[in-house]
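Analysis of the macromolecular model
Residues per chain, in single letters:
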Amino acid sequence: MPTLEPPGTYSVKVCQSKGVDPTDALPRELLLRIFSHLSSFDLLKLSAVSRSWYDICYDGSLWHTIDATQYYTRLSSAQLTRLITRSGKYVKDLNLRGCIYLDIFESLGIAKSLSNLLFISLEGSRKFDHNALTQLIKNNSSLTHADFSSLMTLTNASCFTISSSCPNLVSLDVSWCPYCDANGLIDILRSCKFLRDLRISGCKGVEDESFMRELHNSARHLRRLSMASCTSLTDESMRVLVSGSRDRILIDPVTRRPHILPTKIQYLNLSYCILLTSQTLSDLAYAVPDLYEFELSGIPAILEDGFNALIPNTPNLTYLDCEECSQLSDATLNAIARADCGKMLRHGHFSFCENLTDEGVTNLLKSCPALKNLELDNTRVTDEVINVAVQVTRERVGKVLDTLQRLVDRGEYGAPQAEDLTGVIMRLATYDCPNLTWQSTLSVMRRNEERVLFNRRSMASRERPAPSQDLTDPPEHARLSQGDTVLFPTGFIQLKCAYDHQKVIDGHLQFLLMGDFDTAIQLEREFAEYCSGDPEHEFLRYAQLAVRPNLLVGNLPALLNRGGDGSAPGQNNNASNNFTLGNIMRSRRRHRRGPILSQVLDAPPGDDPVGIDEGTVLHHRRRGSFAGCVIV
């Protein structure tokens, strides 16, 4: 009598004969659903298992997105062409960036097979045929984002094809295309009314008045514009972009504002347009009120008067790149600090601005509470700038702690706010600054070691999201229970400093991210003693800094109050093992590199001197624990 299967079950009779694929009994739709969870490269490897798997892996429904940059070096041009042509009408996002080995016939085969593309990137594909490019553009009228930068076969005729075939184009990048100039770009500006992002860096003829007038008409809906390295661009050309005419912009005698209509440009790149002067910034003053990213590196004629006119009228500015603007001085930084954008600025690049001094940089650090990245390499700054950055980060952390404590007192869960205390809160680049000493590196290392006492009574008792099943339990020191008092890390400064010190500070930061504060403190002491040659003096300064109220550097007070074997105070311990300040200072005297310092400095280039598993750090953050929290 046959056995009956429970209702709702599905049985598959698998043939046990040799050479028969057990997946043949599964429906094709189910196999496609299973294979859709694999990466692109895994699909390509599994296609060699059998003929049936080959057909499944090359099914077009699995290849809506083809990013050849991940595996094009491992595939032949014939294999890549076969993949794209078999996927055909299913492909909507194609990235062939850097695929230089595609010949004429393969390019034509790819172009003829694609008809539903929305995103295309051919950056650097030098051998992609001109006729194939024309065919590709004509077949994909729904194209919205196109990156043809550094493409040798893009010409003005290709621009005309784009203007007639792709009216819905939103983003276009034709930077560094040697055979594309302003005459071809005019057709695109006239036809593509939805264009929001235009990148024409390195293109020729952009100073032409007719082109700039068309660009002026399109600037009402443009959001991002890049004209970097357009070396023929002048102040008169930029005035046409702003006002539509080369005539001098008139100023209203009542409102003191120019007679121009503001644009909606949010990102503007004028880097290495070497003929521009401060007059361009003055003309842009009331034309880009929504600007939040501005790049103008490599323009030597930019002076303070241009910034004084522009900065007060760009309140949303968050990114400013003034690298190699050699005429910039402290007055520019002071203008940024006084303006509304000073509260919004997050990234400032002032490398090779040799006229900058400590006065302007320290004022910028103190006045910009959101500043997280500051590049000052090849400037005249001194250790005073690093000390101010250390103090500023302390004040920021203090504000976060006050907010977090108020949330905890009200019984609200404050983990999102606490994450501001566990990662990198400021990045500084100060390499090749001749006036900086090793003391600045030591100041950053000691600042990164700081932790504060914090009570998480209410927050620890709150429910947390259930962790994933594939995660293991966190270590004992990361588990927090009700009423625990913990040592919170107070954020880290990531410093890019002199080459001789870079490996030391990188290894020190990695130890801290692991939560291994004891090893990090030992590395810092060895570095200080090795550089100063006076271990007693340096360690005494360290000890005085450590015992300040409510701010602990490492675990020094605990070491001073505990016995040599780590036992609690009051227990019987061998007097020779007690951790007194004198014993610590005597034991730390070194005339050579310590073991931790040697381990970090002697690591081969490219190797991790610490051996940190980044997955472990990520695991602790996903579990809600905090790097460096130690229960006391």
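Examining the side chain of Ser-113
- Mapping Ser-113 onto the fold places it in helix α5 (residues 104-113).
- Judged by relative accessible area, which is 19%, Ser-113 ranks as buried.
- Separated by 2.9 Å, the side chain of Ser-113 and the backbone oxygen of Ile-110 make a polar contact.
- Ignoring sequence-local partners within four residues, the contact set of Ser-113 consists of Ile-84, Thr-85, Gly-88 and Lys-89.

Focus: the pairing of strand β13 (residues 424-429)
- Where strand β12 (residues 373-375) meets β13, 3 bridges bridge the pair, whose relative direction is parallel. When the sheet's bridge partners are listed, Leu-374 is paired in β13 with Leu-428.
- As paired elements, β13 and strand β16 (residues 492-496) share 5 bridges and run parallel to each other. Paired with Arg-427 across the bridge in β16 is Gln-494.

Here we look at the packing of aromatic side chains
- Using the criterion set out here, one finds 3 aromatic pairs in the structure.
- Taking 4.6 Å as the distance between ring centres and 35° as the angle between the ring planes, the aromatic pair formed by Tyr-54 and Tyr-58 counts as tilted.
- With a relative accessible area of 17%, Tyr-54 lands in the buried category.
- Above the ring of Tyr-54, the side-chain terminus of Arg-51 is found at 5.1 Å from the ring centroid.
- Positioned over the ring face of Phe-517 is Arg-451, at 3.9 Å from the centre of the ring.

Regarding the state of the cysteines
- Considering all chains together, one arrives at 0 disulfides under this definition.
- Cys-166 provides the cysteine sulfur closest to Cys-192, a residue in no disulfide bond, and the two sulfurs are 7.1 Å apart.

The rules behind the values
Residues numbered from 1 in each chain as written. Predicted model: local features only at pLDDT ≥ 70, side-chain atom pairs only at ≥ 80, totals over all residues. Heavy atoms only, no water. Helix = DSSP H or I, 4+ residues; strand = E, 2+ residues; numbered from the N terminus. Buried < 20%, exposed > 50% of the residue type's maximum accessible area, 1.4 Å probe, protein only. Polar contact = N/O pair within 3.5 Å; in protein donor to acceptor, adjacent residues only side chain to side chain. Contact = heavy atoms within 4.5 Å. Pairing = 2+ DSSP bridges. Phe/Tyr/Trp six-rings, centres within 6.5 Å; stacked < 30°, edge-to-face > 60°. Lys NZ or Arg CZ within 6 Å of the ring centre and 35° of its normal. Disulfide = S-S within 2.5 Å.

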